[in-house]
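Commentary on secondary and tertiary structure
Read off the chains here:
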Amino acid sequence: MVGEVIMRGIMRYGILSWILLFLLPSLGTAGYKKDFEDAFLTKPWAGEQIEENVCISCHASQTMKPEFQEITEAWQASWHAQNRISCEHCHGGDPRDAALAMSPQRGFLGTPKDKDVPEFCGKCHIGILTNFLESGHGKALKAGEKAPNCVVCHGSHNIQKASIDIISEQLCTKCHSYERAKIMKVALFVIETRISQLEQRLQKLKREGIYPGADEKSLFSTQAEFRTLFHTVDANLVRSRTDEFTSKLDQIDKNIQDTYHKLRFRKNLSAFFMMAFACMGVIIFLLTKTKDE
Amino acid sequence: MLTKIKNWLDVRIGLNTIFQTHVLDYRMPKNTNILYTLGFIAVIAYATQAFTGIILLIYYIPHPDHAFRSVQDIMTQVPYGWVFRQMHAVGSNLMIMVAMLHMVTVFLMGNYKRPRELTWVGGVLLLILTIVFGLSGYLLPWTQLSYWATTVVTSMPTAFPVIGETVSQILRGGDHVSETTLSRFFALHISILPPLYLLFMGIHLFFVNRIGISATPFGKADEEKRPLTEYKRKTYPDGYPYYPRFFQKQMYMMMAYFTVMFFIITFLPTLYFPDEANVPADPFNTPQEVRPAWYLLAPYQLLKLIPNKFFGIMLQLILVLIFILWPVLDTQQEKNVLKRPVLRGVFLSLIALWVILLWWGRS
Amino acid sequence: MTLGGMMKRRRFLKILLAFLGSITFLSFAYSFLKFLTSLPSKSADLQKLTIHKSDVPSGEAKNIIYHNTPAVIINRPDKGYFAFSRTCTHLGCLVEYSKSNLKFICPCHAGIYDLDGSVVSGPPPKPMTAIPLKIEGETIIIG
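Numbering of residues starts from 1 in every chain and runs along the sequence as written. Starting at A for chains and at 1 for ligands, labels are handed out in the order in which the entities are written. For this predicted model, a pLDDT threshold of at least 70 governs which residues receive local features, and a threshold of 80 or more governs which side-chain atom pairs are given and counted, while totals over whole chains, interfaces and linings are taken from all residues.

1. Overview of the overall build of chain C
The number of helices and strands found in chain C is 2 helices and 11 strands. Mapped in sequence order, the helices and strands of chain C form the string α-α-β-β-β-β-β-β-β-β-β-β-β. For the radius of gyration, the atom set is restricted to C-alpha positions; the globular benchmark scales as 2.2 Å times the number of residues to the power 0.38. For 143 residues, the compact-globule formula gives about 15 Å, and the C-alpha radius of gyration of chain C, at 28 Å, lies well above that figure. The principal-axis extent of the C-alpha atoms belonging to chain C is close to 95 × 40 × 20 Å. Any residue surrounded by 20 or more other C-beta atoms within 10 Å of its C-beta is treated as buried, while 12 or fewer makes it exposed and the intermediate range makes it partly exposed; C-beta atoms here are placed from the backbone. Counting every position in chain C, which comprises 143 residues, the buried fraction comes to 20%. For chain C, contacts bridging at least 24 residues in sequence account for 33% of all contacts bridging at least 6. Counting from the N terminus, the helices are DSSP H or I runs at least four residues long and the strands are E runs at least two residues long. Throughout, a pair of residues is in contact if the C-beta atoms placed from their backbones lie within 7 Å.

Quick look at the structure:
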């Protein structure tokens, strides 16, 4: 009897209950258990190819000095590692051939001397190298005076994404007063903050289903140019070009605003459709309640 | 004017007779309820998918270099492209839900029993086809989610000994998901599945019409006396006419379907689009959380739980087989599920288990 | 309710239904038509950039702005004029023409492109996006 009543209740309130049933299962999402991943993903036929890197195998092994073991750990945590830049991209050598891994035949460069570090990193980071060599820091380094090279501020293996916080009292006062560094930091601050705000807003836009490819590239380009410029350590230069960067950021900002405007229109249009269908449904339902002659 | 056209057609194809028998004189049993319209809603859902799919086909490009961009163009550049894309994406999930609900209600009302076994079999096959539609369509936008969810799903057959690898290779067209897979899934999605689906749908609807609508067993003595040893189409001379009563029910359920669809499009547009669904596929980067679509979460979670992968897959296949063949396996003549507490209990707990596995698979 | 009242109510409901139904249908039809006919590239065609041959001497390249994005036009001594978008296909930095190396070089991560836009080395996944151009007499029309 109870069952019958429940059954009838379900049928009677069918619409309500199945709207609930509609939405409930569809909120399902899933994670990814590691063992499943191991069983199904890290095989040769899975997309991600994990290649054997001979450098890592040796340097991470127990036979190595602890300092060398630390290097591989430090690199694993780095932004380079996340972008698949590994040992041979900077140091040369052959990551697939154990015998010739550190041979000059395969272009192995070893550890650069302090003075040569800028060119070492500048193999890839060309724009920054150019600006650095023109800067006070660069000239001092080449003249043999006490000066920072890339590694002093950015680290050697555990390199993270650059941020304005690298300019710190602790780091810069190694050679001179913090006053000069502070002036630089102030000059950079506004643009840097704006860039990270725009980054977040672009991320949010992506969540709404709009992929801002062109704006993302433009933002990256502006940020890269801005940070490259910093390496001249010339606060006046940075200040004089701030307007130029600001206008680029303004353009990106405007695009984002336009997109949000479009999204609001979309919400209104689909709400209109929803109301239209709901009203039609109600009307037909009412029509069933009246008798036709 | 309208009567003139009707007469013209009537002389040629006997339109009036068709209209008379199938609409005006067609009678539904007295105790049908709103859930009887779910099959019709499934047809409407399919038609919506077909229409919006064809519309999307106009701008979509099925190659990894262009797929994501073309979908983005549909969403941002083409006027009102977003309407059709959202309808298609939301509709695919709703359609699977409707098909599942239809199946559950048919089961609970015992409408799979003799003489309707074949209708049930056709229905389960249709559900499977719908899920394959969902699977193949999932890859097409070529997002991180598409790529990796497809990698996982096409890897599942490898749990089979001997033939597993080959099956996976055939599905993927190679060792990993690539442009071959995309072409393959695209061909499947737009040219192989639709005619198959229409064929099965036609057969299913033919059976429904030929055998006659089944009355619910609740509150009334079962009209169909068993056993049936010869064909007899079920009619209800004292039932109520299909038109306008039941037709109206179907119509407002259709409106309800679209209301739900547009509710989701308006207020929950990202419901089916987690973060990984918004960035282009990167074959070298597995995202932290790869989720198959919700309708595959329960089988997926089950597979994760059972330590032996072969057993895991076999179990699922056996369950599906039992489901397909249930009308034949169910030997009890009692149609009223309220009088069958064991079946009711087992079925409802299976559904509960499915939902629990789905929810568990979320994390 | 009287029979007459009932009939009036039915008529009202039916008219309302027809009205709503046609509005919905027309909205969809309008959306669909715009979907089919308004292709975005039409508006972009209006903006073409014209420069003179003399602005780009042989072996030199000139940075221009085309459709709000930085672009470059290069005069190759053996192959003529080419125009490309300066946006590097890696992460979006602006590539620079290097006359000494006869290549396009991206200052961010050393992506190197040949003068026909194809990738020589570095991280870029795709060649530079080419921009079509036409040469009419002494002027070059880009776009």
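2. Comments concerning the domain arrangement of chain C
Note that the domain bounds were set by an automatic or database domain assignment. If you check the domain split of chain C, you get domain 1 (3-38) and domain 2 (49-142). Using only C-alpha atoms to locate each centre, domain 1 of chain C and domain 2 of chain C end up separated by 55 Å.

3. Overview of the nonpolar core
Most often, soluble globular proteins have nonpolar side chains that are buried together. Joined through C-beta atoms within 7 Å, a set of buried Ala, Val, Leu, Ile, Met, Phe, Trp, Tyr and Cys residues constitutes a nonpolar core. Counting 93 residues, the largest nonpolar core has B:Ile41, B:Tyr257 and B:Met261 as its most contacted members. Tallying contributions element by element places helix H5 (residues 81-108) of chain B first for this core, with 17 residues. Residues within four places of B:Met261 in sequence aside, it is in contact with B:Met87, B:Val90, B:Gly91 and B:Leu94. The next biggest cluster of nonpolar side chains, apart from the first, holds 19 residues, and it includes C:Val72, C:Ile73, C:Ala83 and C:Cys88.

4. Quick look at the domain arrangement of chain A
All names here are of chain A. Domain assignment breaks chain A into domain 1 (53-110), domain 2 (112-158) and domain 3 (166-293). On a C-alpha basis, the centroid separation for the pair domain 2 and domain 3 is 33 Å. The interface is formed by 10 residues belonging to domain 2 together with 9 residues belonging to domain 3. Ranked by residues supplied to the side of domain 2 that touches domain 3, first place goes to helix H9 (residues 126-134) with 5 residues. For this scheme, ten residues count as nonpolar: Ala, Val, Leu, Ile, Met, Phe, Trp, Tyr, Cys and Pro. Four count as charged, namely Asp, Glu, Lys and Arg, and the remainder, Gly too, count as polar. Of the residues belonging to the side of domain 2 that touches domain 3, the class tally is 3 nonpolar, 5 polar and 2 charged.

5. Observations concerning the interface of chain C and chain B
The partner chain B presents 8 residues to the 6 residues of chain C that form the contact. Here the side of chain C that touches chain B is built from residues that sort into 3 nonpolar, 2 polar and 1 charged.

6. A short note on the confidence of the model for chain A
All names here are of chain A. On a scale of 0 to 100, pLDDT captures the predictor's confidence in every residue. For chain A, per-residue confidence averages 81 on the pLDDT scale, and residues scoring 70 or more make up 84% of the total. Per-element confidence in chain A is highest for helix H16 (residues 242-288), whose mean pLDDT is 92, and lowest for helix H2 (residues 14-26), whose mean pLDDT is 47. Across residues 22-36, confidence stays below pLDDT 50; counting only partners more than four residues off in sequence or on other chains, it has 34 contacts. Throughout residues 41-49 the model reports pLDDT below 50, and contacts reaching past four residues in sequence, or to other chains, amount to 18 contacts.

7. So, the sheet that holds strand E9 (residues 130-131) of chain C
All names here are of chain C. In spatial order, the strands read E2-E3-E4-E9; together these 4 strands make up an open sheet with antiparallel pairing. Bordering the open sheet on either side are strand E2 (61-66) and E9, each of which pairs with just one other strand. Pairs of strands are assigned from DSSP output, requiring at least two bridges between the strands. Where E2 and strand E3 (residues 69-76) come together, 6 bridges link them in antiparallel fashion. For Ala-61, the partnering residue across the bridge sits in E3 and is Ile-74.

8. Considering the packing of helix H3 (residues 38-57) of chain B against H5(B)
Residue and element names in this part refer to chain B. What counts as an axis is a line fitted to C-alpha atoms, over the stretch in contact for a helix, and the angles between N-to-C directions run from 0 to 180 degrees. Two elements in contact, H3 and H5, have axes separated by 9 Å at closest approach and are oriented at 160 degrees. Between H3 and H5, the interaxial angle falls into the category roughly antiparallel. Considering how the two elements wind past one another, H3 and H5 form a crossing that is left-handed. Class assignment of the residues belonging to the contact of H3 with H5 gives a composition of 14 nonpolar, 10 polar and 1 charged. Angle categories are assigned with fixed cut-offs, so that under 35 degrees is roughly parallel, over 145 is roughly antiparallel, 65 to 115 is roughly perpendicular, and the rest are oblique. Take the far helix as the reference: if the near one is turned anticlockwise from it by less than a right angle, the crossing is left-handed, and if turned clockwise, right-handed.

9. Side note on the environment of B:Leu171
Residues and elements named next belong to chain B. The residue Leu-171 is located in helix H8 (residues 164-172) in this model. Here the alpha-carbon distance between Leu-171 and Lys-232, two residues 61 residues apart in the chain, equals 44 Å. Every residue in contact with Leu-171, bar those within four places of it in the chain, is listed here: Thr-154 and Pro-157.

10. Brief notes about H9(A)
A turn of α-helix holds 3.6 residues, and therefore any two residues three or four places apart point the same way. All of the buried residues along H9(A) are A:Ile126, A:Gly127, A:Ile128, A:Leu129, A:Asn131 and A:Phe132. On its buried face, H9(A) is in contact with helix H8 (117-121), helix H10 (136-142) and helix H14 (213-230) of chain A together with strand E6 (103-105) of chain C.

11. Describing unusual backbone geometry
Residue and element names in this part refer to chain B. Looking along the chain, the bond that leaves Tyr-243 and enters Pro-244 is cis, with omega of 10 degrees. Residue placement: Pro-244 occurs in helix H10 (residues 242-267). Despite not being glycine, Tyr-80 shows a phi value in the positive range, around 60 degrees. One can find Tyr-80 in the loop between helix H4 (67-76) and H5.

12. Brief notes about the sheet that holds strand E1 (residues 49-52) of chain C
Residue and element names in this part refer to chain C. Taken in spatial order, the 3 strands line up as E1-E11-E10 in an open sheet, and their pairing is antiparallel. Each edge of the sheet is formed by a strand with only one pairing partner; in this case those strands are E1 and strand E10 (133-136). When strand polarity is set aside, the average angle formed by the axes of neighbouring strands in this sheet is 25 degrees. Relative to strand E11 (residues 139-142), E10 runs antiparallel, the two being bridged by 4 bridges.

13. Things to note about the confidence of the model for chain C
For any part of a model where pLDDT is low, the fine detail of the predicted coordinates should not be relied upon. All names here are of chain C. Summing up the model confidence of chain C, the mean pLDDT is 86 and the portion of residues at 70 or higher is 93%. When the elements of chain C are averaged for pLDDT, helix H2 (residues 41-44) gives the smallest value, 55, and strand E7 (residues 112-113) the largest, 93. For this predicted complex, the interface confidence reaches an ipTM of 0.87, while the overall pTM sits at 0.82.

14. Regarding the pairing of strand E4 (residues 80-85) of chain C
Residues and elements named next belong to chain C. Here E3 runs beside E4; their pairing, made up of 6 bridges, is antiparallel. Residue pairing across strands places Ile-74 opposite Phe-82, the latter belonging to E4. With 2 bridges connecting them, E4 and E9 associate as antiparallel partners. Across the sheet, the residue bridging to Ala-83 is Ile-131, located in E9.

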